[in-house]
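# Observations on chain architecture
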Number of protein chains: 2
Amino acid sequence: MAKQERLVKMRGAIGDLSFITPRKRLLTFFFLTSHFLFLTSYFCTMHFSSRLLEQAVEEFGRLPGVGKKTALRLVLHLLKQSDGEVSRFTGAINQLKEQIKYCKTCFNIADVEVCEICSSAKRDHETICVVEDTRDVMAIENTNQYQGVYHVLGGLISPMDGIGPADLKIEALIERLRAGTIKEVILALSATMEGDTTIFYLYRKLKDFDVQISTIARGIAFGGELEYVDEVTLGRSIATRVPYERNVG
Amino acid sequence: MAKQERLVKMRGAIGDLSFITPRKRLLTFFFLTSHFLFLTSYFCTMHFSSRLLEQAVEEFGRLPGVGKKTALRLVLHLLKQSDGEVSRFTGAINQLKEQIKYCKTCFNIADVEVCEICSSAKRDHETICVVEDTRDVMAIENTNQYQGVYHVLGGLISPMDGIGPADLKIEALIERLRAGTIKEVILALSATMEGDTTIFYLYRKLKDFDVQISTIARGIAFGGELEYVDEVTLGRSIATRVPYERNVG
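As the structure is a prediction and not an experimental result, all values here were calculated from the model.

## Quick word on the UniProt feature "zinc finger region: C4-type" (unreviewed entry) in chain A
- The UniProt record annotates "zinc finger region: C4-type" (unreviewed entry) at residues 103–118 of chain A.
- In residues 103–118 of chain A, helix accounts for 19% and strand for 12%; the two terminal C-alpha atoms are 8 Å from one another.

Here's what the structure looks like:
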């Protein structure tokens, strides 16, 4: 009953629109939908006035996080620069790709055979920090909290992306442990599925060596408000609580 | 009085903390501030393990909207690609810079001397649409609403950036008008300070020619809700209202 009443009411409300002829209604419909179609078509297909421009935009668009529109903006920016600046840009990339070396010991990016950290006498060569890539080395170096050396895996085990243990520098790490001078291995990998898988794999591979295997602490971040922390992190940070003196001292 | 009461209350509340010795307080202070310092230093200075890497990151960081962290991510992505892919990337940019041509007539980016639009017999060569750059040509072409030809200025008058009328293709536009075949000039420039300045300058330069000078319509965008539209736009869109038939028909 209530439903029927509402229907009658609605019919009354739209009754006033009956003066719109079917033709006008159709026109309005096309008019209103057309701009949505234009908008979508603009983002789906871009018509370039030049094949060279299209090629360059396509290449830029392959970079991670760079869409077609951003790519076009970057390419047009480069076009406005002088010849010297553009050749310096492409030259830097080519030179990097051709001449870059990876440290023989830790596989970090370097200009020489053995990187600065591995060849430094000031570092503690009995502790190895295992990281994913050079960005993690930079992040840890910036904390000024670590004096040991590194081992860069070059990725994480990720079956989804087709990356298995053989694709990483795990054999080389075991080789370093076989030398017998290492006392501790710190696994400083991301707290993701891939990171945890890699940690588990490494632990099983390394546990028979006479070294201490540790992972970096997990818990709430500095400045993090308790109510916004996810349950897993908060739960684990309670379970793995540390004496207050250790935090301050 | 109320202020003093509050002070007494506050003293009572922090009275319980008096067991913290000055030494501990100092330690806590350093402990709490240190991570802020680390965070800022991380973003200010990046220590690269390789000069080549640093150079490439610096070059990428010069692109508009690309910060140091993004630049590093892009460079590391390129490093992971095969030699062929990287040389194709840099090759596309070099080729674009070396071989790109600008249409003799409209100054749009093209692979040939005269661009597709300018050489097309299907286009209306009596109407010129004046735009800032090739992106605007692409945007207008995507609407499928314009059948005339273009004139790409290559920028907008912007004293702040040191761009004057002489830096733009304005003389060439006047030259095109002098030929006498043009009937309408549409100024399709951005609705910004620079766009308006350029429109005003162009209007004064072109008003003596026997052509109709028009600008693209300004008003509320499709899908735009009235209450969120700024006053200037809304006010102008009321002042420049159009008969309903023109919108639908």
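## So, the packing of aromatic side chains
All names here are of chain A.
- Throughout the structure, instances matching the rule amount to six aromatic pairs over all chains.
- Ring geometry for Y146 versus Y150: centroids 5.2 Å apart, planes at 65°, classification edge-to-face.
- Here Y146 falls in the buried class, since its relative accessible area comes to 11%.
- Given the relative accessible area of 1%, Y150 is considered buried.

## Structural notes on the nonpolar core
- Membership of the largest hydrophobic core comes to 46 residues, with the highest contact counts inside it found for L53, F60 and F89 of chain A together with L53, F60 and F89 of chain B.
- For this core, the elements supplying multiple residues, two or more each, are helix 3 (51–61), helix 4 (68–80) and helix 5 (83–99) of chain A together with helix 3 (51–61), helix 4 (68–80) and helix 5 (83–99) of chain B.
- Apart from residues lying up to four places away in sequence, F60 of chain A is in contact with V66, A71, L74, V75, L78 and F89 of chain A together with F60, L63, F89 and I93 of chain B.

## Considerations on the relation of the copies chain A and chain B
- For the pair chain A and chain B, the superposition axis carries a translation of 0.0 Å, the fit reaches an RMSD of 0.1 Å, and the rotation angle comes to 180°. Within this description, the copies of the chain are treated as partners about a two-fold rotation axis. No C-alpha of chain A approaches the rotation axis more nearly than that of T90 of chain A, which lies at 2.6 Å.
- Counting the interface residues of chain A, we find that 100% of their copies in chain B are interface residues as well, pointing to one common contact surface.

## Some points on the pairing of strand 5 (residues 184–187) of chain A
Residue and element names in this part refer to chain A.
- Pairing of strand 3 (residues 124–131) with strand 5, which is carried by four bridges, proceeds in the parallel orientation. Bridge assignment links V130 to a residue of strand 5, and that residue is L187.
- Relative to strand 6 (residues 212–215), strand 5 runs parallel, the two sharing four bridges. The partner of V185 across the bridge, within strand 6, is I213.
- Chirality of the crossover, the property in question, places the unit of strand 5, helix 9 (residues 193–206) and strand 6 among those that are right-handed.

## With respect to the interface of chain A and chain B
- Contacts between the two partners involve 69 residues from chain A and, on the opposite side, 70 residues from chain B.
- Across the chain A to chain B interface the summed buried area is about 6500 Å²; carbon plus sulfur atoms make up 66%.
- Together, L52, K97 and N142 of chain A form the three largest contributors to the area buried by chain A at its contact with chain B, with a combined 11%.
- Across the pair R88 of chain B and E59 of chain A runs a salt bridge whose closest N-O atoms are separated by 2.9 Å.
- Between chain A and chain B we count 14 residue pairs in polar contact (both at pLDDT 80 or more) in total.
- Within the residue set of the side of chain A that touches chain B, elements represented by two or more residues are helix 2 (22–44), helix 3, helix 4, helix 5, strand 2 (109–110), helix 7 (134–143) and helix 11 (244–248) of chain A.
- A per-element tally of the side of chain A that touches chain B places helix 5 of chain A first, with 14 residues.
- Within the side of chain A that touches chain B, the residues separate by chemical class into 33 nonpolar, 24 polar and twelve charged.

## Some thoughts on the environment of D124 of chain A
Residues and elements named next belong to chain A.
- The topology assignment puts D124 in strand 3.
- Residues D124 and Y146 lie 22 residues apart in sequence; the distance between their C-alpha atoms is 9.1 Å.
- If we ignore the near neighbours within four places in the chain, the residues touching D124 are Q147, G148 and V149.
- In this structure the side chain of D124 is engaged in a polar contact, spanning 2.9 Å, whose partner is the backbone nitrogen of E126.

Conventions we followed
Residues numbered from 1 in each chain as written. Chains lettered and ligands numbered in written order. Predicted model: local features only at pLDDT ≥ 70, side-chain atom pairs only at ≥ 80, totals over all residues. Heavy atoms only, no water. UniProt positions renumbered as here; feature names shortened; annotations may be inferred. Helix = DSSP H or I, 4+ residues; strand = E, 2+ residues; numbered from the N terminus. Phe/Tyr/Trp six-rings, centres within 6.5 Å; stacked < 30°, edge-to-face > 60°. Buried < 20%, exposed > 50% of the residue type's maximum accessible area, 1.4 Å probe, protein only. Core = buried A, V, L, I, M, F, W, Y, C linked by side-chain atoms within 4.5 Å. Contact = heavy atoms within 4.5 Å. Least-squares fit on C-alpha atoms with pLDDT ≥ 70 in both. Pairing = 2+ DSSP bridges. Right-handed = clockwise from strand over helix to strand, strands pointing away. Buried area = accessible area lost by both parts, 1.4 Å probe. Salt bridge = Lys/Arg side-chain N within 4 Å of Asp/Glu carboxyl O. Polar contact = N/O pair within 3.5 Å; in protein donor to acceptor, adjacent residues only side chain to side chain. Nonpolar A, V, L, I, M, F, W, Y, C, P; charged D, E, K, R; others polar.

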